[in-house]
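So the chains spell out like this:
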Amino acid sequence: MIRITPSLLAADFWRLGEMVPGVEEAGADGLHLDLMDGCFVPNLTFGPMVVEALRPHTKLTFDAHLMVRSAQDYFPLLAPHCSLVSVHPETDPHLHRTLSALRDRGLEAGVALNPSTPPSVLDYVLELVDSVLIMTVNPGFGGQKFLPAMLPKIREARRKLDATGRRVPIVVDGGIDVSTAPLCVEAGATVLVAGTSVFRHQGGIAAGIRTLREAAGSSVSGLEA
């Protein structure tokens, strides 16, 4: 089952209150929230207060991608509202402790890998990893072009995770559309984060999700065949 979680980063921030319920009605499987502090990445988006404000308006699960310094400061603020929180190893040298802290709060613990971050950082924390987010663009901005060099990385991460005996999701984020989604699924991705291709689809959000799901589904059918 391939899940599609639209990225709020590409939404019209002026209309968030109406767009978030619209994403649920359009058939999304969750909502991806990019929290950026302007330090870890050269952009500033929104923080836990916005996440809290949006929570009552949808039943979709929230997964938060923390592109921030001092990620652990955000955990108590996000725990009541999110299901999954993904952190970058570069923000804290004690990744094992950070993932344990997430799990202690009842959150699923995700590790986010920048394009230049190797999957080997997962080797000694695999038992604590509930999700791996592979950035297929350099983080910080939406609308970027997909990096094909990330496909072997997805395959390597899939091998590592499957060797644990657990089916840990691999999330891909960056330049995901009808042409790149099948490539990611074939490589082992199971969750597609899509911003521009969903929120700015000429047919609307529902059409964006539907066409992406169809593209991913055709790839799954090919793998099963």
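Residues numbered from 1 in each chain as written. Predicted model: local features only at pLDDT ≥ 70, side-chain atom pairs only at ≥ 80, totals over all residues. Heavy atoms only, no water.

Enquirer: Would you take a moment to explain the overall build of the protein for this structure?
Expert: A count of helical and extended segments in the protein gives eight helices and eight strands. Here the C-alpha atoms of the protein give a radius of gyration of 16 Å, agreeing with the 17 Å that 2.2 N^0.38 yields for 225 residues. In the protein, 62% of the contacts between residues at least 6 apart in sequence involve partners at least 24 apart. Looking at the protein as shown, the accessible area adds up to about 10000 Å², and 54% of this sits on carbon and sulfur atoms. Here the protein contributes 19 positively and 24 negatively charged side chains, and the mean placements of these two sets differ by 3 Å. (Helix = DSSP H or I, 4+ residues; strand = E, 2+ residues; numbered from the N terminus. Rg over C-alpha atoms; globule rule 2.2 N^0.38 Å. Contact = heavy atoms within 4.5 Å. Areas by Shrake-Rupley, 256 points an atom, 1.4 Å probe, with all protein chains shown as cover. Lys, Arg positive; Asp, Glu negative; His and termini not counted. Charge placed at Lys NZ, Arg CZ, Asp CG, Glu CD.)

Enquirer: Explain the layout of surface pockets here, please?
Expert: Empty pockets left among the atoms are what a rolling probe the size of a water molecule brings to light. Taken as a whole, the largest pocket holds about 370 Å³ of empty space. Forming the boundary of the largest pocket are 20 residues, of which Arg3, Leu84, Glu108, Pro169 and Val191 lie nearest the centre. For the lining of the largest pocket, the secondary-structure elements that each account for two or more residues are β1 (3-6), β3 (62-67), β4 (84-87) and β6 (131-135). A breakdown of the residues in the lining of the largest pocket according to their chemical character gives eight nonpolar, seven polar and five charged. By volume, the second largest pocket is sized at about 300 Å³. The wall of the second largest pocket is formed by 24 residues, among which Gly142, Gly143, Asp173, Gly174 and Gly175 lie closest to the centre. Mapped onto the lining of the second largest pocket, the elements with two or more residues apiece are β2 (31-36), β8 (191-194) and α7 (196-199). Taken together, the residues of the lining of the second largest pocket break down into 11 nonpolar, 10 polar and three charged. (1 Å grid on protein atoms, 1.4 Å probe; cavity = no way out; pocket = protein on both sides within 12 Å on 5 of 7 lines; lining within 4 Å. Points joined across faces, edges and corners; volume = space filled by probe spheres on them. Nonpolar A, V, L, I, M, F, W, Y, C, P; charged D, E, K, R; others polar.)

Enquirer: Just to check I follow, could you spell out the pairing of β8 for this structure?
Expert: Here β8 shows a buried face lined by Val191 and Val193 and a second buried face lined by Leu192 and Ala194. Bridge count between β1 and β8: four bridges; the pairing is parallel. Within β8, the position partnered with proline 6 by the bridge is alanine 194. Pairing geometry for strand β7 (residues 170-173) and β8, over three bridges, is parallel. (Buried < 20%, exposed > 50% of the residue type's maximum accessible area, 1.4 Å probe, protein only. Pairing = 2+ DSSP bridges.)

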